[in-house]
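# Summary of structural features
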Amino acid sequence: MTAEEQTSEGQNAIPMEGEDLTPKKDGGVLKLVKREGTGAELPMTGDKVFVHYVGTLLDGSPFDSSRDRGEKFSFELGKGQVIKAWDIGVASMKVGELCQLICKPEYAYGSAGSPPKIPPNATLVFEVELYEFRGEDITEEEDGGIVRRMITKGQGYSKPNEGASVDVTVVGSCEGRVFDERELKFELGDGEALGFPVGVEKAIMSMEQEEEALFHIKPKYGFGNEGSAKYNIPGGATLQYKIKLTAFEKAKESWEMNTVEKLEQSHIVKDKGTQYFKEGKYKQASVQYKRIVSWLEHESGLSEEDQKKATALQLAAHLNLAMCFLKLQEPNQVLENCDKALGLQASNEKALFRRGEALFGMKEFDRARDDFQQVVELYPANKAAKSQVSLCQKRIKEQHEKDKRIYANMFQKFADRDSKKEAENVKSDGKTSSDEGMEVENGEKEVASDAKA
């Protein structure tokens, strides 16, 4: 006998009452609030929710309980991870709320049921308590730096990629004050040039078409510790951006392009990167140069002519990336790109010089001098390299003199310590000899006393 049959025979232990939550108003999910929650905010699609629940059939027979397990149940709302009734019902709850959800089969386990405990076509009753909900962390590091609260779910599954053309509406606010509001079309990778922090582009790349969402962006992905003078944002501020992705056109991925397209696009983004560099927008420039590397570094089977073009473009990209990272004071990235450039052309003047500059900044003067010296040997006309060799020699000499002073002081301290110890030992040794004499003397007296006795 199914739960529906039980109801028809009057064996229903739970009355069918409550607010109809279904969009169709077909009575598929009825909600009865048993205890009101707190606050005004409701969980949104994509939020991670934490609940306790007890599930029964209409006759009161229990089939599942998180309370019996002693562990809250969590899931991402609106993602189809649970039965439809739960996605609908929990979305209507406030934190602390306790409610009853009566769920018809089409919003639960349908005609199949969930054997052995839930029969086919069963209407289910859940007592649900909402403890907590939190937004979706969209960062790769999962560090909570960009948290999404979805207002309207998007269409399909495709998302914009680096270089995609996007149509968006953006509203940025900080501590309740709107500081940026506009509707625009731009290419992902150009965001910083338009005054967006890096977190905005990362947010857009997580969205589907027609999605609208609220993003909480921490300083690491916002305006950092410096803040923004343009928008009057203080350092260390957390930002909120409401973004709607109206439409987008994905940039072609590497595997979607043939060799000719890759070479053509590489020339275009190289020029774009150079323009950014001239404007002092080094991060944006680096994004463009990285695209060239991603397109061409694993390309194989090229004709001799195309291989020359590809190598020249990769070499230029790595050299320009090294220059960007010098400006951004990221020496390890400079070294990585100079090494890759030298892998393509072992005696490249700019790669050796820029690697030397990075090493000098890291105070690795010996290694820096070796790179600058190699430039001088290969390119005698390079006066800057000669000057840097001299400067490195000066720094190395200064370092040696500093080390000598440190070691001299250290040795003096050791000598003073040893002298002090020696003096203490002499004093200690003198006291020990006197004590030993007293012991011998006492021993002789004791022997004499024994003999007399």
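Presented here is an overview of the structure given in this document. A quick note: this is a predicted structure, and the numbers were derived from the prediction, not measured.

Per the secondary structure count, the chain includes eleven helices and 13 strands. Taking as baseline every contact in the chain between residues at least 6 positions apart, the subset at least 24 positions apart corresponds to 64%. Total accessible area on the chain stands at roughly 25500 Å², and carbon and sulfur atoms take up 49% of it.

Now for the sheet that holds strand E8 (residues 136-137). Taking strand neighbours across the sheet as the criterion, the six strands line up as E8-E9-E12-E13-E10-E11 in an open arrangement whose pairing is antiparallel. Two strands in the sheet have a free side with no partner beyond their single neighbour: E8 and strand E11 (177-187). Pairing of strand E10 (residues 165-174) with E11 involves ten bridges; the strand directions are antiparallel. Each bridged residue has a counterpart across the sheet, and for Val-166 the counterpart in E11 is Phe-186.

Before going further, it helps to spend a moment on the pattern of salt bridges. Counting across every chain of the model gives 29 salt bridges. The salt bridge partner of Glu-127 is Lys-34, with a shortest N-O separation of 3.3 Å. With Glu-127 in strand E7 (residues 124-134) and Lys-34 in strand E2 (residues 29-35), this pair connects stretches of sequence that are 93 residues apart. For Glu-208, the salt bridge identified is with Lys-153, shortest N-O distance 3.7 Å. Of this pair, Glu-208 sits in the loop between helix H4 (198-204) and strand E12 (212-217) while Lys-153 sits in the loop between strand E9 (146-152) and E10, placing them 55 residues apart in sequence. A relative accessible area of 10% places Glu-208 in the buried class. Residue classification places Lys-153 among the partly exposed residues on the basis of a relative accessible area of 40%. Salt bridges here are not isolated pairs; linked through shared partners, they connect Glu-76, Lys-79, Glu-136, Arg-148 and Glu-211.

Following both chains from N to C, one finds helix H6 (residues 282-296) and helix H7 (residues 304-327) inclined at 150°, their axes separated by 9 Å at the closest point. The pairing of H6 with H7 is recorded here as roughly antiparallel in orientation. Once H6 is placed against H7, the crossing between them reads as left-handed. Here Tyr-282, Ala-285, Ser-286, Tyr-289, Lys-290, Ile-292, Val-293 and Leu-296 of H6 lie close against H7, whose contacting residues are Ala-310, Leu-313, Gln-314, Ala-317, His-318, Asn-320, Leu-321, Cys-324, Phe-325 and Lys-327.

One pass over the full model with this rule turns up 16 aromatic pairs. Lys-72 extends its terminal NZ or CZ atom over the ring of Tyr-131, reaching a point 4.8 Å from the ring centre. Directly above the ring of Phe-196 sits Arg-182, whose terminal nitrogen or CZ lies 4.3 Å from the centroid.

What follows deals with unusual backbone geometry. Residue Pro-115 is joined to Pro-116 through a cis peptide bond whose omega torsion reads 5°. Within the secondary structure layout, Pro-116 lies in the loop between strand E6 (98-103) and E7. Residues other than glycine seldom take positive phi values, yet Glu-210 does so here, at roughly 70°. Relative to the helices and strands, Glu-210 is located in the loop between H4 and E12.

What follows is about the environment of Glu-364. Mapped onto the elements of the fold, Glu-364 is located in the loop between helix H9 (349-361) and helix H10 (365-378). As for Glu-364 and Cys-392, which are separated by 28 residues in sequence, their C-alpha atoms are 9.2 Å apart. A distance of 2.7 Å separates polar atoms of two side chains, one belonging to Glu-364 and the other to Arg-367.

Over its 20 residues, helix H5 (residues 259-278) extends 29 Å from the first C-alpha to the last, a length consistent with the 28 Å expected when each residue adds 1.5 Å. Buried within H5 we find Lys-262, Leu-263, Ser-266, Val-269, Gly-273 and Tyr-276. Along the axis of H5, the buried positions cluster into a sector of 140°, meaning they face one direction only. Opposite the buried face of H5, at more than 90 degrees from it, the exposed residues are Asp-271 and Lys-278.

Turning next to the nonpolar core. Within the largest apolar cluster, 40 residues are counted, with the highest numbers of intra-cluster contacts made by Tyr-289, Ile-292, Leu-296, Val-334, Ala-368 and Phe-372. Listing elements by their share of this core, those giving two or more residues are H5, H6, H7, helix H8 (331-344), H9, H10 and helix H11 (383-452). At nine residues, H7 tops the list of elements feeding residues into this core. Every residue in contact with Ala-368, bar those within four places of it in the chain, is listed here: Gly-356, Leu-359, Phe-360 and Cys-392. Core analysis: the second largest hydrophobic core is formed by 28 residues, Phe-223, Ile-233, Ala-237 and Leu-245 among them.

This part takes up the environment of Gly-110. Position of Gly-110 relative to the elements: it lies in the loop between E6 and E7. When its relative accessible area of 19% is taken as the criterion, Gly-110 is described as buried. Note: C-alpha distance between Gly-110 and Ile-83 (27 residues apart in sequence) is 9.9 Å.

Let us look at H6. Between the first and last C-alpha of H6 there are 22 Å, a value that for 15 residues agrees with the 21 Å anticipated at 1.5 Å per step. Among the residues of H6, those classed as buried are Gln-284, Ala-285, Ser-286, Gln-288, Tyr-289, Arg-291, Ile-292, Val-293, Trp-295 and Leu-296. Those residues of H6 that are buried lie in contact with E11, H5 and H7.

Moving on to the pairing of E9. When a strand is regular, its side chains alternate between the sheet's two faces. Most of E9 sits inside the fold, with five of its seven residues counted as buried. The pairing of E8 with E9 spans two bridges and is antiparallel. Each bridged residue has a counterpart across the sheet, and for Asp-137 the counterpart in E9 is Val-147. Sheet analysis places E9 next to E12, joined by six bridges and oriented antiparallel. Of the residues in E12, the one forming a bridge with Ile-146 is Ile-217.

Now for the packing of H7 against H8. As a packed pair, H7 and H8 sit with axes 8 Å apart at the nearest point and diverge in direction by 160°. One finds that H7 runs roughly antiparallel with respect to H8. The two elements H7 and H8 meet at a crossing, and its hand is left-handed. Residue-level inspection shows Thr-311, Gln-314, Leu-315, His-318, Leu-319, Leu-321, Ala-322, Phe-325 and Leu-326 of H7 in contact with H8, the latter providing Gln-333, Val-334, Asn-337, Cys-338, Lys-340, Ala-341 and Leu-344.

Conventions we followed
- Residues numbered from 1 in each chain as written.
- Predicted model: local features only at pLDDT ≥ 70, side-chain atom pairs only at ≥ 80, totals over all residues.
- Heavy atoms only, no water.
- Helix = DSSP H or I, 4+ residues; strand = E, 2+ residues; numbered from the N terminus.
- Contact = heavy atoms within 4.5 Å.
- Areas by Shrake-Rupley, 256 points an atom, 1.4 Å probe, with all protein chains shown as cover.
- Pairing = 2+ DSSP bridges.
- Salt bridge = Lys/Arg side-chain N within 4 Å of Asp/Glu carboxyl O.
- Buried < 20%, exposed > 50% of the residue type's maximum accessible area, 1.4 Å probe, protein only.
- Axes fitted to C-alpha atoms, helices over the stretch in contact; angles between N-to-C directions.
- Parallel < 35°, antiparallel > 145°, perpendicular 65-115°, else oblique.
- Left-handed = near helix turned anticlockwise from the far one by under 90°.
- Phe/Tyr/Trp six-rings, centres within 6.5 Å; stacked < 30°, edge-to-face > 60°.
- Lys NZ or Arg CZ within 6 Å of the ring centre and 35° of its normal.
- Polar contact = N/O pair within 3.5 Å; in protein donor to acceptor, adjacent residues only side chain to side chain.
- Expected span 1.5 Å × (residues − 1).
- Arc of directions from axis to C-beta.
- Core = buried A, V, L, I, M, F, W, Y, C linked by side-chain atoms within 4.5 Å.

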